[in-house]
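The lines below spell out each chain.
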Amino acid sequence: KYTLKSRRRQHNNKQPPKREDNNKQASNKQASNLQIQKMAARLLPLELIDKAIGSKIWVLMRGSKEVVGILRGFDDYVNLVLDEAVEFTQDPKEKDKIIKTVLNSEVLLNGNQIAVLVPGGEGPPADSLAEAFS
């Protein structure tokens, strides 16, 4: 007969779930160590900017300004110092025209106004404001 007592006996006789083998645990630990190493190998944002010092950088500012120049330095707030900088803006009256301004001295760009940095490149692509004058 199948009674309440026999159900309890069956329930109590169930084996606990088996633990993973030591080999399996070791392989899981190795996999997690590899993931940690990969995360450590990734480049942090300020490290990427640091690698770009001395090379050409393309900066897209908030609004419709673009600046191309040689990166000379930066700080923790991503304020940038550029040399040989050229600024490109849209003409406010005629949207089709682009105003090019050559900045003949070192320039400090406020990090709060920077939207995108493209370090180490040869400058902006063909469809950007800056490329219209190149």
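### Quick word on the overall build of the protein chain
Here comes step 1: In terms of regular secondary structure, the protein chain is built from three helices and six strands.
Here comes step 2: The secondary structure elements of the protein chain, listed N-terminal to C-terminal, are α-α-α-β-β-β-β-β-β.
Here comes step 3: In the protein chain, buried positions account for 22% of the 134 residues.
Here comes step 4: Restricting to contacts in the protein chain with at least 6 residues of sequence separation, those with at least 24 account for 50%.
Here comes step 5: Accessible surface, the protein chain: about 10600 Å² in total, of which carbon and sulfur atoms supply 50%.

### A closer look at the environment of Glu66
Here comes step 1: Note on placement: Glu66 falls in strand S2 (residues 65-74).
Here comes step 2: Taking the relative accessible area as the measure of exposure, Glu66 reaches 7% and is therefore buried.
Here comes step 3: Each C-alpha atom of the pair Glu66 and Val116 lies 9.6 Å from the other, and the pair is 50 residues apart in sequence.
Here comes step 4: Of note is the side chain of Glu66, whose polar atom sits 3.1 Å from the side chain of Trp58.

### Some words on the pairing of strand S3 (residues 80-90)
Here comes step 1: Strand direction decides the pairing type here: S2 and S3, joined by eight bridges, are antiparallel. Residue Val68 lies in a different strand from S3, and its bridge partner there is Val86.
Here comes step 2: Where S2 folds back on S3, the antiparallel hairpin that results is connected by five residues, among which Val78 adopts a positive phi of roughly 60°.
Here comes step 3: For S3 and strand S5 (residues 107-109), the ladder comprises three bridges, and the chain directions are antiparallel. Bridging from a neighbouring strand, Leu80 pairs with Leu109 of S5.
Here comes step 4: Judged from the six bridges that link them, S3 and strand S4 (residues 98-103) form a sheet pairing that is antiparallel. Pairing of Thr89 across the sheet is with Ile99, part of S4.

### Comments concerning unusual backbone geometry
Here comes step 1: Even without being glycine, Val78 reaches a positive phi, approximately 60°.
Here comes step 2: By secondary structure assignment, the location of Val78 is in the loop between S2 and S3.

### Concerning the pattern of salt bridges
Here comes step 1: In total, this model carries three salt bridges according to the counting rule given.
Here comes step 2: Close ionic contact of Arg72 with Asp83 constitutes a salt bridge, the shortest N to O distance being 3.5 Å. Of the two residues, Arg72 sits in strand S2 while Asp83 sits in strand S3, which places them 11 residues apart along the sequence.
Here comes step 3: A relative accessible area of 38% means that Arg72 is categorised as partly exposed.

### Topic: the nonpolar core
Here comes step 1: Judged by nonpolar contacts, the single largest core of 13 residues is most densely connected at Val59, Val67, Leu71, Leu80, Leu82 and Leu109.
Here comes step 2: Contributions of two or more residues to this core are made by strand S1 (56-61), S2, S3 and S5.
Here comes step 3: If we skip the residues at most four places from it in the chain, Val67 touches Ile57, Trp58, Val59, Met61, Leu82, Ala85, Val86, Glu87 and Leu109.

### Comments concerning the confidence of the model for the protein chain
Here comes step 1: Per-residue confidence for the protein chain gives a mean pLDDT of 77, with 59% of residues at or over 70.
Here comes step 2: At the low end of the mean pLDDT range in the protein chain sits helix H1 (residues 4-12), at 54; at the high end sits S5, at 96.

About the thresholds
- Residues numbered from 1 in each chain as written.
- Predicted model: local features only at pLDDT ≥ 70, side-chain atom pairs only at ≥ 80, totals over all residues.
- Heavy atoms only, no water.
- Helix = DSSP H or I, 4+ residues; strand = E, 2+ residues; numbered from the N terminus.
- Buried < 20%, exposed > 50% of the residue type's maximum accessible area, 1.4 Å probe, protein only.
- Contact = heavy atoms within 4.5 Å.
- Areas by Shrake-Rupley, 256 points an atom, 1.4 Å probe, with all protein chains shown as cover.
- Polar contact = N/O pair within 3.5 Å; in protein donor to acceptor, adjacent residues only side chain to side chain.
- Pairing = 2+ DSSP bridges.
- Salt bridge = Lys/Arg side-chain N within 4 Å of Asp/Glu carboxyl O.
- Core = buried A, V, L, I, M, F, W, Y, C linked by side-chain atoms within 4.5 Å.
- pLDDT = per-residue confidence, 0-100.

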